[in-house]
Amino acid sequence: MVGILKAIEWKAIIEIVILWFVIYRIFLFLKGTKAVYLLRGIVILVIAFFFFQKMNFYVLSWFLTKFFAFFLILIVIIFQPELREGLIRLGKRHIFYIEPKQEEIEKVIREIVSATSIMSKKRIGALIAIKREIGLKNYIESGVILNADISSELLQNIFSPPAPLHDGGVIIDGVKIISAGCLFPLTDNPNLERALGMRHRAAVGLSEASDAVVIVVSEERGTISLAINGQLTRNLSPSDLQTILKGQLGRKE
Amino acid sequence: MRFKQFKEYIEDLSVKKMVTNNFWLKLVALGIAIITWFYVNGELTRGIKV
């Protein structure tokens, strides 16, 4: 115990804080992506490795040591897209990101719900993604950058055919419509109803690949659906949507 | 305008929110960071002694 306390000096605390920050950022980056399942497997193997070492199980430790050496190369190959995006983001991240205020968030939700409700009545198909912590840079760049203040009218305008951007998705970050006409990844979830169209598949796909909240308005039925973490909630009323969005996007005090 | 926003952001910062937001993720990351530090530190110290 005394040895541990001696070891904890100010340099150690700084080192632990930096380590904690890096690990936390990696967790945030992987949260909500498929890579998290692989990470769980790695954590189990690492725990097993420490256990085998502690218990002096030399043969099993040897196997795991050899496996880890090979696994490092495997990780670089498997996580290649995530590593590339992560390194790019590391250089571009705003340290002092200014989070929108509660009243601004409420205004954004009001405008989105109003637009969604009108488009649902008029049977105009829409796909709106609201960015949270995980970056959507790849998808933003697949569309047309707008960087415009959110308004119900602008959202309706974007999705009303034959507007050039009506077929893609819109990405909202904070109080701005960042990009429109964006291409989202399609889900390969076999449990999703076959009758669902590409818009719904794209919404679920993006919610699997990131922590974004994705709203879909069906062109055929005019129903409103919401995809979060790969789960699709269908047939929402505008008031349901408003309640869920407040819970998902509101500032946690 | 940007400075005003930044000032409001600083005034609005709450320690409680900073801790409770993604609390479990932060806690697990802290646990792993401490374990990693002690493991590596132990390995390095052992190396120096040899």
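**Q** Any chance you could break down the packing of aromatic side chains for me, citing the residues and the numbers?
**A** Overall, the coordinates contain twelve aromatic pairs over all chains when judged by the stated rule. Seen in terms of ring centroids, Trp20(A) and Tyr24(A) are 5.6 Å apart; in terms of plane orientation they differ by 5 degrees. Their pairing is stacked. Of this pair, Trp20(A) and Tyr24(A) both sit in helix α2 (residues 10-30), four residues apart, which is roughly one turn of that helix. Taking 6.1 Å as the distance between ring centres and 55 degrees as the angle between the ring planes, the aromatic pair formed by Phe51(A) and Phe52(A) counts as tilted. Each residue in the set Phe49(A), Phe50(A), Phe67(A), Phe68(A) and Tyr39(B) is aromatic and connected to the rest through ring pairs, giving one cluster.

**Q** Provide a residue-level description of the pairing of strand β4 (residues 176-182) of chain A, including the pertinent values.
**A** All names here are of chain A. Most of β4 sits out of view: six of its seven residues are buried. Alignment of strand β2 (residues 144-149) against β4, held across four bridges, turns out to be antiparallel. Following the sheet pairing, Asp 149 is matched in β4 by Lys 176. Sheet analysis places strand β3 (residues 169-173) next to β4, joined by four bridges and oriented antiparallel. The residue bridging Asp 173 from the neighbouring strand is Lys 176, located in β4. Between β3 and β4, which pair antiparallel one after the other, the connecting turn spans two residues, and Gly 174 there sits at a positive phi close to 65 degrees.

**Q** Any details on the pattern of salt bridges? Residues and values, ideally.
**A** Residues and elements named next belong to chain A. One pass over the structure, following the stated rule, counts five salt bridges over all chains. Residue Asp 173 pairs with Lys 131 through a salt bridge whose shortest N-O separation is 3.8 Å. Here Lys 131 lies in the loop between β1 (126-130) and α7 (137-141) and Asp 173 lies in strand β3, a separation of 42 residues in the sequence. In this structure, Arg 199 and Glu 219 form a salt bridge, with 3.1 Å as the shortest nitrogen-oxygen distance.

What counts as what
- Residues numbered from 1 in each chain as written.
- Chains lettered and ligands numbered in written order.
- Predicted model: local features only at pLDDT ≥ 70, side-chain atom pairs only at ≥ 80, totals over all residues.
- Heavy atoms only, no water.
- Phe/Tyr/Trp six-rings, centres within 6.5 Å; stacked < 30°, edge-to-face > 60°.
- Helix = DSSP H or I, 4+ residues; strand = E, 2+ residues; numbered from the N terminus.
- Buried < 20%, exposed > 50% of the residue type's maximum accessible area, 1.4 Å probe, protein only.
- Pairing = 2+ DSSP bridges.
- Salt bridge = Lys/Arg side-chain N within 4 Å of Asp/Glu carboxyl O.

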